[in-house]
Amino acid sequence: MKIYIKFRCTMLLTAMLLTGLISCKKDFGEINSNPKTVTTPDIKFLFTYSQDKVVTYQGTEWVWESLEQLMRFTQHITTDPYELTNNVNTRYNQFYANILPNLFEIRKQIAAKPDKDNYRKMEALTYILQVLHGIKVTDMNGSIPYTQAMKGRYEGGFSPVYDKQEVLFDTWLQELDNAISVISNNGLPNQNSYGTADVYYKGDWIKWVKLANSLKLRIAARLESQNNAKTRTIFQQVMQNPNGAIETLDDQLNYQNMDYLPFGSSGDINYRSTRYATISIMKFLKSANDPRIGIYFEQNDLRNNFRDSLIKYNVTLPSFISLADPLIMYQGGPAEFNTNPTIANYLKNSFPVGPTARYFLISPINRRFFSPRYNNVSVTAQFREVVLSTAETCFQIAEFVQKGYAGGANTRGTAEDWYKKGIAASIKSMDNIATAAGLPTVLTGDGSTEINAYLANANVAFNGVNNLERIYIQQYLNLFRSPNEAFVFSRRTGYPKFSSTYYAREVFNEVIPRRFWTTDPGEVNRANWNTALSEQGFTPNAQDVPTLNSQRIWYDKNAPAFGNGQ
């Protein structure tokens with residue numbers, strides 16, 4: 001489902017006008033006297049603005065957080081080990097500055113309408129949207145203001161409490177359940193809709209229900225190590241819901257905006273560093289003949305007539321590369337440079353062959369897959385964000401079925417069925433992202449030939465021995481373009497694990513932060529901030545990695561160390 005935003009100027013103007021109502025008390029007189037001043041922005045555009053900001057705020061996040069930190073910690077990529085800086089955690093401020101305010105304003109305006117009952121479904125969507133991003137905020141921050149977050153806007157209360165994570169999840173589950181109930185109620189008369197102003201689903205109520213149920217699965221996964229019984233209950237509720245969760249590509253939450261360029265108009269994804277495949281991910285993709293290999297990574301220089309040059313100059317490739325490898329053009333580097341300096345040397349340096357021939361041996365990430373305008377190749381290629389994918393939901397269901405969490409709920413398929421659905425959805429979705437970016441498709445026709453061949457591969461097929469690990473690894477591979485979810489997945493499961501003979505995590509001696517930090521909000525709310533930090537066992541203002549590793553958020557406290565999955 002392609003989503004194009006063609007009214008960004010209208011949204012920005014609306015947001016600017018609304019912000020003016022919040023912060024410029026000295027202008028109230030002019031606002032009240034100037035009939036041309038918009039004091040009641042259209043709620044449809046307020047909703048669009050928040051939807052847009054859920055995705056488009058991530059420009060700096062992709063560089064400073066995802067590619068430099070999270071994807072390196074999960075070992076999806078290897079790159080220079082930059083230190084954490086204050087450029088991370090932009091998700092936090094964006095929640096309060098650009099996502100929540102308009103959603104609260106929508107509800108305020110609806111409550112004041114004489115026909116407010118005709119807007120109940122539109123109101124319900126605002127809760128789903130704020131939960132979508134709220135989960136991401138708490139993932140790296142633990143306790144955050146939520147239940148009292150907007151009191152300063154309407155009630156003059158500028159000292160909101162920081163809700164504990166357990167309270168947040170309970171609140172969000174209730175909000176999602178309420179939203180599902182309202183949206184699914186076909187008996188509500190004369191319901192208005194956002195229509196095309198809903199840039200996610202164009203006012204399709206059922207797709208919003210599926211999104212809400214998929215968010216419940218995200219919460220269930222996060223609760224597993226703290227409240228396993230609740231995880232099972234949530235899963236069973238989702239499976240028993242007549243609309244279910246996101247299960248088809250048409251239902252997944254895609255966002256595509258011709259103006260959203262996370263790496264700028266020139267596509268400078270190499271800012272500060274080039275990013276490469278790790279040895280572990282490349283080894284598995286090659287062994288399974290994974291069709292996503294050419295989507296995720298670029299080929300190295302061992303192509304075309306490179307063998308002729310080797311013979312001509314009597315040069316032998318480094319020992320870690322085999323000339324018999326049919327996929328020799330794909331090579332990975334060590335996740336941590338110091339663990340294998342010989343191979344790591346080729347991350348930055350080319351391999352000399354002759355007077356003019358020098359080959360780069362390690363495969364970079366497919367830079368156009370992440371940055372369609374890389375090197376100004378195309379002015380029409382677009383960045384597609386999959387905010388919540390069909391594959392993620394299918395793999396989550398497969399995991400819970402495999403663990404026996406279904407109870408008496410009808411799962412409408414076995415763990416293997418959902419596993420296969422997840423793989424097919426992931427391959428097709430990644431191919432769609434690549435196509436939007438102007439890259440050639442890796443599939444023929446409907447993709448069934450490539451997908452069925454992959455499912456039959458011995459390294460992919462359910463074998464009755466390590467089925468849960470296979471589900472985990474396919475989820476891990478699917479989350480290549482979802483850094484936050486990939487980090488949360490590896491953090492909660494401990495997979496890929498060091499001891500695996502199937503897909504082993506590489507040695508990684510660097511200490512990994514398991515959370516970020518919130519800064520001192522100032523005198524007006526410092527007491528609540530300090531209380532929240534004390535309750536969580538966090539050191540105020542600590543930004544050093546050892547502290548961020550040892551002082552965990554609530555739902556992470558019982559999780560294994562990275563690589564120590566069971």
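Residues numbered from 1 in each chain as written. Predicted model: local features only at pLDDT ≥ 70, side-chain atom pairs only at ≥ 80, totals over all residues. Heavy atoms only, no water.

Break down the overall build of the chain for me, with residues and values.
Helices and strands together make up the secondary structure of the chain, namely 22 helices and eight strands. A globule of 566 residues ought to have a C-alpha radius of gyration of about 24 Å, and the chain, at 25 Å, matches this closely. Expressed along its principal axes, the backbone C-alpha trace of the chain runs to roughly 85 × 55 × 50 Å. Looking at the chain as a whole, 59% of its 566 residues are labelled buried. Considering only residue pairs separated by 6 or more positions, the chain has 78% of its internal contacts joining residues 24 or more positions apart. Here the chain displays about 22,500 Å² of accessible surface, and carbon together with sulfur accounts for 49% of that area. (Helix = DSSP H or I, 4+ residues; strand = E, 2+ residues; numbered from the N terminus. Rg over C-alpha atoms; globule rule 2.2 N^0.38 Å. Buried < 20%, exposed > 50% of the residue type's maximum accessible area, 1.4 Å probe, protein only. Contact = heavy atoms within 4.5 Å. Areas by Shrake-Rupley, 256 points an atom, 1.4 Å probe, with all protein chains shown as cover.)

For the pairing of strand E8 (residues 384–388), give the residues involved together with the corresponding values.
Extensive coverage of E8 is indicated by the burial of five of its five residues. Taken together, the four bridges between strand E4 (residues 253–256) and E8 define a ladder with antiparallel strand orientation. Considered in E8, the bridge of Asn 254 is made with Val 386. (Pairing = 2+ DSSP bridges.)

Explain the pattern of salt bridges residue by residue, including any values.
Overall, the coordinates contain 29 salt bridges when judged by the stated rule. Put simply, Asp 325 and Lys 286 hold a salt bridge, and the shortest N to O gap is 2.5 Å. With Asp 325 in the loop between helix H13 (306–312) and helix H14 (341–348) and Lys 286 in helix H11 (residues 279–287), the pair connects residues that are 39 residues apart, well separated along the chain. Of the charged contacts in the structure, one is a salt bridge between Arg 552 and Asp 556, with a shortest N-O distance of 3.9 Å. Just as Arg 552 is buried, Asp 556 falls in that class too. (Salt bridge = Lys/Arg side-chain N within 4 Å of Asp/Glu carboxyl O.)

Report on the confidence of the model for the chain, specifying residues and quantitative values.
Mean pLDDT over the chain stands at 92; residues scoring 70 or higher make up 93%. Note on residues 1–37: pLDDT under 50 across the span, and 59 contacts to partners over four residues away in sequence or across chains. (pLDDT = per-residue confidence, 0-100.)

Quick one: what's the story with the packing of aromatic side chains, residue by residue and with numbers?
Taken as a whole and assessed by the stated rule, the structure comprises 36 aromatic pairs. Residues Phe 47 and Tyr 194 carry aromatic rings whose centres are separated by 4.1 Å and whose planes lie at 10° to one another, so their mutual orientation is stacked. Note that Phe 47 is positioned in helix H3 (residues 43–56) and Tyr 194 in the loop between helix H8 (165–184) and helix H9 (205–223), a separation of 147 residues in sequence. When sorted by exposure, Phe 47 lands in the same class as Tyr 194, which is buried. A cation over a ring is seen here: Arg 481 above Phe 369, with NZ or CZ 5.0 Å from the ring centre. When the ring centre of Phe 370 is taken as reference, the NZ or CZ atom of Arg 481 above it lies at 5.6 Å. (Phe/Tyr/Trp six-rings, centres within 6.5 Å; stacked < 30°, edge-to-face > 60°. Lys NZ or Arg CZ within 6 Å of the ring centre and 35° of its normal.)

Provide a residue-level description of the environment of Arg 303, including the pertinent values.
Checked against the element boundaries, Arg 303 lands in the loop between helix H12 (293–296) and H13. A residue is classified by how much of its surface remains accessible, and Arg 303, at 36% relative accessible area, is partly exposed.

A description of unusual backbone geometry should follow, citing residues and the corresponding values.
Cis geometry marks the peptide bond from Tyr 495 to Pro 496, where omega comes out at -5°. If you trace the backbone, Pro 496 turns up in the loop between helix H20 (483–493) and helix H21 (526–536). Of note in this structure, Gln 75 is not a glycine but carries a positive phi near 65°. Position of Gln 75 among the secondary structure elements: in the loop between helix H4 (59–73) and strand E1 (77–78). Judged by its relative accessible area of 1%, Gln 75 falls in the buried class. The residue Lys 202 is not glycine, and still its phi comes out positive at about 50°. Along the chain, the position of Lys 202 falls in the loop between H8 and H9. For Lys 202, a relative accessible area of 35% translates into the label partly exposed.

Describe in detail the nonpolar core, supporting the description with residues and values.
Within the largest apolar cluster, 138 residues are counted, with the highest numbers of intra-cluster contacts made by Ile 128, Tyr 200, Phe 369 and Phe 480. With eleven residues, H9 is the largest single contributor of residues to this core. Look past the residues within four positions of Phe 369 in its chain and what remains in contact with it is Ile 295, Tyr 296, Met 430, Ile 433, Ala 434, Leu 439, Phe 480 and Arg 481. Of all hydrophobic cores here, the second largest spans 17 residues; its members include Tyr 276, Ile 328, Ile 343 and Val 353. (Core = buried A, V, L, I, M, F, W, Y, C linked by side-chain atoms within 4.5 Å.)

Can you break down the side chain of Gln 396 residue by residue, with the values?
Following the sequence through the fold, Gln 396 ends up in helix H16 (residues 390–402). There is a polar contact of 3.1 Å between the side chain of Gln 396 and the side chain of Glu 399. Sequence-distant contacts of Gln 396, defined by excluding residues within four places in its chain, comprise Leu 217, Ala 221, Gln 475 and Arg 492. (Polar contact = N/O pair within 3.5 Å; in protein donor to acceptor, adjacent residues only side chain to side chain.)

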